[in-house]
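What follows is each chain in one-letter form.
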Amino acid sequence: MADKKMWGGRFAQGTAASMEAFSESVSFDRLLYAEDIRGSQAHARMLARQGFLTDDEARAICDGLDKVKSEIESGAFVWKTEMEDVHMNVESRLTEIIGPLGGKLHTARSRNDQVALDFRLHVAARLAAWQEYLASVVTVFVDRAEEHKNTMLPGCTHFQPAQPVTLGQHLLAYCQMFKRDHERVTDALKRVRVMPLGAAALAGTTHPVDPRAVADDLGLPATFANSMDAVSDRDFVLEAVFAGSLVMAHLSRMCEELIIWANPNFGYVKLPDQYATGSSIMPQKKNPDACEIMRGKTGRVVGSLMGLLVLIKGLPMTYNRDMQEDKEPFFDADRTVTASLGIMADMLRLMEFVPEKMAATVKRGFLNATELADYLAAKGVPFREAHHITGAAVAYAEGKGVGLEDLDLDELKRFSGEIGEDVYAVLDYSAAIRRRITPGGTGPESVAAQIKALRGWLGSL
Ligand code: ARG
């Protein structure tokens, strides 16, 4: 029993069945098989260049690994829990296929630097995929923003109606969040795409390895600077899951708004049937389940981040087996982030907005009050006083159950002699939007400029 293990040489007793089940990682790290094989092939080619393997040996190893890969992909491969992890499963099958030569592959390498490489390659590939998902969400949001660049929406602070904005401007705010997410991933990738092979177990190796050449072979821009850091650094996973947590937080904010907007008391959107569900008892219901689930799954990804932070916080140098627990949180976050981004893009593409409902709320909420105060300030009334005068006019109009724009000039003049006929142009809601032409504002020139800049950015990716 003991001698079945690759590391079993010094063991007299076999592993307890409970320990085998407890310690195996192959049930989840088999997801890394392609990266494991790619990394091993690059390692074998390096060993040949360094004169440690003959070219024929390296070729036999690489071909054998290709065979293992096709067995895995065809489903013929038999994963063995007693082989612990993906690395030993692949290597032992390689040795079955090509014989003792397979045992030379692990020269100058440890599973400690091997797993770091595999996982880095995997995280790098998935982060690149996240960026594509983020870009398609931004594309959809920009398209919908353009379509609704003149659609009036009550802009809120404190979730209270504040000033009129456009739905376009609102959607473009989310584009900025997702663009920053994309940039955050680009930045994280610099630290993910570092080649750790050659650190070996922890101290480097006596064999003349060439990490730079392996990095070039794998298309990684950087190599490790310190062997101990190389095998114990999991910052790259944490940064990735943080970036994913923030993506989810941004998605969750949008979900929250869509849930509110879909409530008939708001009625700003009609959810696409494809992303809503009905109630088994209340026939009238159309529930925003996709948004709710996405909002809920945010907790899952943030939980993974917390788990990872706690995982690494007390670890002494260097590799510790605890680190095996780094993979499932990432895999889970990856599934959640990509599914959520995909659904958000599809859902927003199909979302039916209801501009009349948005406009009606703007008119009910005195969203032109700031306009009146600014109007008075422009006529020389100190802004604090203008604010007070406007507040009094709002209270009066509210008592009458009308908007400021519905008061006649005599009524308005009672609050300030500075108010003239020209006030009505200012009280016009769409004018409030049109006049906000400063950079980044909700005015049409600014919105057009934002759309242009975002399209330029998307085109540059
Ligand atoms: N399955 C292990 C992990 O995920 C691979 C590295 C094991 N290294 C070791 N020295 N036992 O971390």
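All residue numbers refer to position in the chain's written sequence, counted from 1. With the structure being a predicted model, the display of local features is reserved for residues of pLDDT at least 70 and the display and counting of side-chain atom pairs for 80 or more, all residues being used for whole-chain, interface and lining totals. Remark: hydrogens and water are excluded; side-chain values derive from all non-hydrogen atoms of the structure.

In the nomenclature of an unreviewed UniProt entry, the chain corresponds to Argininosuccinate lyase from the organism Pseudodesulfovibrio hydrargyri. UniProt positions are given in the numbering used here, feature names are shortened, and annotations may be inferred rather than shown by experiment. Its UniProt record, at the heading Subcellular location (unreviewed entry), says of the chain: "Cytoplasm". You can read under Catalytic activity (unreviewed entry) in the UniProt record for the chain the words "2-(N(omega)-L-arginino)succinate = fumarate + L-arginine".

J.: What is the right way to read the pairing of strand β2 (residues 160-166) from this model?
T.: For a regular strand, side-chain orientation follows a simple rule: the groups alternate between the two sheet faces. Any two strands between which DSSP finds at least two bridges are classified as paired. Runs of H or I in DSSP of at least four residues are treated as helices and runs of E of at least two as strands, each being numbered from the N terminus. Bridge analysis of strand β1 (residues 152-157) against β2 gives six bridges, and the strand direction is antiparallel. Bridge pairing in β2 places C156 opposite P161. Here β1 folds back onto β2, and the loop between the two strands holds two residues, one of which, H158, carries a positive phi near 55 degrees.

J.: What is the right way to look at the site of the ligand in this model?
T.: As a structural note, the neighbourhood of the ligand is formed by S25, D29, D85, H87, R111, N112, V115, Y319, Q324 and K327. A distance of 2.4 Å separates an oxygen atom of the ligand from a polar side-chain atom of Y319. Contact distances for the ligand include 2.9 Å between a nitrogen atom and a side-chain N or O atom of Q324. Surface accessibility in these figures is a Shrake-Rupley result with a 1.4 Å probe; residues are shielded only by whichever protein chains are displayed. For the ligand, the accessible surface in isolation is 340 Å², of which the surrounding protein chains cover 87%. Sorting elements by how many residues they give to the shell around the ligand places helix α6 (residues 111-147) first, with three residues. Of the residues belonging to the shell around the ligand, the class tally is two nonpolar, four polar and four charged. What makes a residue near a molecule or strand is one non-hydrogen atom of that residue sitting within 4 Å of it. Counted as a polar contact is a pair of N or O atoms within 3.5 Å, where, for protein atoms, one must be capable of donating a hydrogen and the other of accepting one, and residues adjacent in sequence contribute only when both atoms are in side chains. Lys, Arg, Asp and Glu make up the charged group, whereas Ala, Val, Leu, Ile, Met, Phe, Trp, Tyr, Cys and Pro make up the nonpolar group; the residues left over, Gly among them, are polar.

J.: Just to check I follow, could you spell out the packing of aromatic side chains for this structure?
T.: A ring pair, where both rings are aromatic, is described by two values, the distance of the centres and the angle of the planes. Ring pairs shown here join Phe, Tyr and Trp side chains whose ring centres sit within 6.5 Å, with only the six-membered ring taken for Trp; geometry is labelled stacked below 30 degrees between planes, edge-to-face above 60, and tilted in between. In the structure shown here, the tally under the stated rule is twelve aromatic pairs. In this structure an aromatic cluster arises from ring pairing among F119, W130, F236, F330 and F331. Note on geometry: a ring has a charge over it if NZ (lysine) or CZ (arginine) is within 6 Å of the ring centre and within 35 degrees of the ring normal. Its guanidinium or amino end placed over the ring of F119, K327 lies 5.6 Å from that ring's centre, counting from NZ or CZ.

J.: What exactly am I supposed to notice about the packing of helix α7 (residues 167-192) against helix α19 (residues 444-460) here?
T.: The geometry of a pair of packed helices is captured by two quantities: the angle between their axes and the separation between those axes. Contact geometry for α7 and α19: axes closest at 11 Å, N-to-C directions at 30 degrees. Regarding the angle of α7 to α19, the classification is roughly parallel. The two elements α7 and α19 cross, and the hand of that crossing is left-handed. Across from Q169, L172, C175, Q176, K179, H182 and E183 in α7, the residues of α19 making contact are V447, Q450, I451, L454 and W457. When the residues that make up the contact of α7 with α19 are grouped by side-chain class, the tally is six nonpolar, four polar and two charged. Inter-axis angles, ranging from 0 to 180 degrees, are taken between N-to-C directions of lines fitted to C-alpha atoms, where helices are fitted over the stretch in contact. If an angle is under 35 degrees, it is roughly parallel; if it is over 145, roughly antiparallel; if it lies from 65 to 115, roughly perpendicular; otherwise it is oblique. By the definition used in this description, the sense in which the near helix is turned from the far one sets the handedness, with an anticlockwise turn below a right angle giving left-handed and a clockwise turn giving right-handed. Contacts: residue pairs with any heavy atoms within 4.5 Å of one another.

J.: Just to check I follow, could you spell out a nonpolar patch on the surface for this structure?
T.: Put simply, a patch holds well-exposed residues, over 30% relative accessible area, that have no salt bridge, with like charges counted together within 9 Å and Val, Leu, Ile, Met, Phe, Trp or Tyr side chains within 5 Å. Basic side-chain nitrogens of Lys or Arg form a salt bridge, by our definition, when they fall within 4 Å of a carboxyl oxygen of Asp or Glu. A cluster of nonpolar side chains, namely V302, M306, L309 and V310, defines an oily patch on the protein surface of about 330 Å² accessible area. Within the secondary structure, L309 sits in helix α11 (residues 289-313).

J.: Looking at this structure, I do not really get the UniProt feature "domain: Argininosuccinate lyase C-terminal" (unreviewed entry) in the chain. What am I missing?
T.: In the numbering used here, UniProt assigns the "domain: Argininosuccinate lyase C-terminal" (unreviewed entry) feature to residues 366-433. With 63% helix and 0% strand, the stretch residues 366-433 has end C-alpha atoms that lie 14 Å from each other.

J.: Any chance you could explain the side chain of R120 here in plain terms?
T.: Within the secondary structure layout, R120 lies in helix α6. The exposure class assigned to R120 is buried, which follows from its relative accessible area of 3%. In this structure R120 touches R191, V192, V194, P196, D233 and F236, once residues within four positions along its chain are discounted. Only protein chains enter the calculation, and the probe is 1.4 Å; a residue is then buried if its accessible area is under 20% of its type maximum, exposed if over 50%, and partly exposed in between.

J.: How should I be thinking about the environment of A276 in this particular structure?
T.: Among the secondary structure elements, A276 is positioned in the loop between β5 (269-270) and α11. The exposure class of A276 is buried, given its relative accessible area of 14%. Here the alpha-carbon distance between A276 and P288, two residues twelve residues apart in the chain, equals 5.1 Å. Beyond its immediate chain neighbours, meaning those up to four positions away, A276 contacts L271, K286 and N287.

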